[in-house]
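Breakdown of the fold
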Amino acid sequence: DVGSWVPLATTAIGRSALAASSEDERRDLMTQLRAADPASWPRRKRSLDAAIEEHRKTGCCSSFGEWQPDVSGVAIGFHPGRGLPVMALNCGGPSFSLSRAFLLGEVRPRLASVVRRLEDSLGSSGGATGLGESRAGHASPAPKRQARAR
């Protein structure tokens, strides 16, 4: 659903927004996530660290049944520039119709292409989306967010 709230820690779009965030914002969001559920924090932290590394290496984050058992998705976080906050685009749906191989092999490159076109049209400094490279900073700090993606 457009405009619906989804968890930051277990969805591809939430993880990719976190991965693309500045170090300071990521630290703030991680602190909020730890405070919201201290008992499951060690497991959640390992999962988030793996997602950040996945975004760094592959240019996307994935979620295969971690948010809801029958939902899979991939997402790419990026800096749109012009002082806008980090954004993310995703593609997800029922796991029975979106296999891991299809999402990573077919959808991820197409999603990366859309993100590159958005970055180009907005004049952002991006340029590394989908290539496994990281980007340094953006024009202005993003506003503080709560630990969830919309």
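Scope of this entry: the structure provided in the associated data block. Please read these numbers as outputs of a predicted model, since none were measured by experiment.

The biggest cluster of nonpolar side chains holds 12 residues, and these are Leu8, Ala9, Leu18, Ala19, Leu29, Met30, Leu33, Trp41, Leu48, Ala51, Ile52 and Cys61. Counting only elements with at least two residues in this core, the list comes to α1 (12–20), α2 (23–36) and α3 (41–58). Broken down by element, this core gets its largest block of residues, 4 residues, from α3. Not counting residues up to four positions away in its chain, the partners in contact with leucine 48 are Ala9, Arg15, Leu18, Met30, Leu33 and Trp41.

This paragraph deals with the environment of threonine 11. On the secondary structure map, threonine 11 appears in the loop between β1 (6–7) and α1. Taking relative accessible area as the criterion, threonine 11 reaches 5% and is therefore assigned buried. A sequence separation of 61 residues divides threonine 11 from serine 72, and the C-alpha atoms of the two residues are 8.6 Å apart. Setting aside residues up to four positions removed in sequence, threonine 11 forms contacts with Val6, Ser63 and Trp67. In this structure the side chain of threonine 11 is engaged in a polar contact, spanning 2.5 Å, whose partner is the backbone oxygen of proline 7.

Before going further, it helps to examine unusual backbone geometry. Notably, arginine 82 is not glycine yet its phi reads approximately 55 degrees, a positive angle. With respect to the helices and strands, arginine 82 occurs in the loop between β3 (71–78) and β4 (87–94).

To continue, consider the packing of aromatic side chains. Within this structure, the stated rule accounts for 0 aromatic pairs. One cation-aromatic arrangement involves arginine 100 over phenylalanine 64; the distance from NZ or CZ to the ring centre is 4.0 Å.

Taking 1.5 Å of rise per residue, 14 residues should cover 20 Å, and α2 covers 20 Å from first to last C-alpha, within 8% of that figure. For α2, the full list of buried residues reads Glu25, Arg26, Leu29, Met30 and Leu33. Burial along α2 is one-sided: seen end-on, the buried residues are contained in an arc of 135 degrees. In α2, the exposed positions angled more than 90 degrees off the buried face are occupied by Asp24 and Ala35. Each element contacted by the buried residues of α2 is listed here: α1 and α3.

A few words on the sheet that holds β4. Strand order in this open sheet of 3 strands is β2-β3-β4, and the pairing throughout is antiparallel. Only two strands of the sheet have a single neighbouring strand rather than two, namely β2 (61–64) and β4. Geometrically, the sheet is characterised by an average inter-axis angle of 10 degrees between neighbouring strands, direction not taken into account. The sheet strands contacting α3 are β2 and β3, and the helix crosses β2 at an angle near 130 degrees. On top of the sheet, helix α4 (residues 100–122) reaches β2, β3 and β4; it is set at about 30 degrees to β3, its chief contact.

Looking at the element boundaries, arginine 26 is found in helix α2. Given a relative accessible area of 12%, arginine 26 falls into the buried group. From its side chain, arginine 26 meets the backbone oxygen of leucine 18 in a polar contact 3.1 Å long. Those residues in contact with arginine 26, other than ones at most four positions away along the chain, are Leu18, Ala19, Ser21 and Ile52.

On inspection of all chains with the given rule, the structure shows 7 salt bridges. Aspartate 49 is the salt-bridge partner of lysine 45, the closest N and O atoms lying 2.8 Å from each other. With lysine 45 and aspartate 49 both in helix α3 and 4 residues apart, the pair spans about one turn of that helix. Lysine 45 sits in the partly exposed class, given a relative accessible area of 31%. On the basis of relative accessibility, which here comes to 34%, the residue aspartate 49 falls in the partly exposed class. Here glutamate 53 and arginine 56 are joined by a salt bridge, their closest N and O atoms 2.6 Å apart. Pair noted here: glutamate 53 and arginine 56 are both in helix α3, with a separation of 3 residues, about one helical turn. Judged by relative accessible area, glutamate 53 falls into the partly exposed class, the value being 30%.

Rules of the game
Residues numbered from 1 in each chain as written. Predicted model: local features only at pLDDT ≥ 70, side-chain atom pairs only at ≥ 80, totals over all residues. Heavy atoms only, no water. Core = buried A, V, L, I, M, F, W, Y, C linked by side-chain atoms within 4.5 Å. Buried < 20%, exposed > 50% of the residue type's maximum accessible area, 1.4 Å probe, protein only. Helix = DSSP H or I, 4+ residues; strand = E, 2+ residues; numbered from the N terminus. Contact = heavy atoms within 4.5 Å. Polar contact = N/O pair within 3.5 Å; in protein donor to acceptor, adjacent residues only side chain to side chain. Phe/Tyr/Trp six-rings, centres within 6.5 Å; stacked < 30°, edge-to-face > 60°. Lys NZ or Arg CZ within 6 Å of the ring centre and 35° of its normal. Expected span 1.5 Å × (residues − 1). Arc of directions from axis to C-beta. Pairing = 2+ DSSP bridges. Axes fitted to C-alpha atoms, helices over the stretch in contact; angles between N-to-C directions. Salt bridge = Lys/Arg side-chain N within 4 Å of Asp/Glu carboxyl O.

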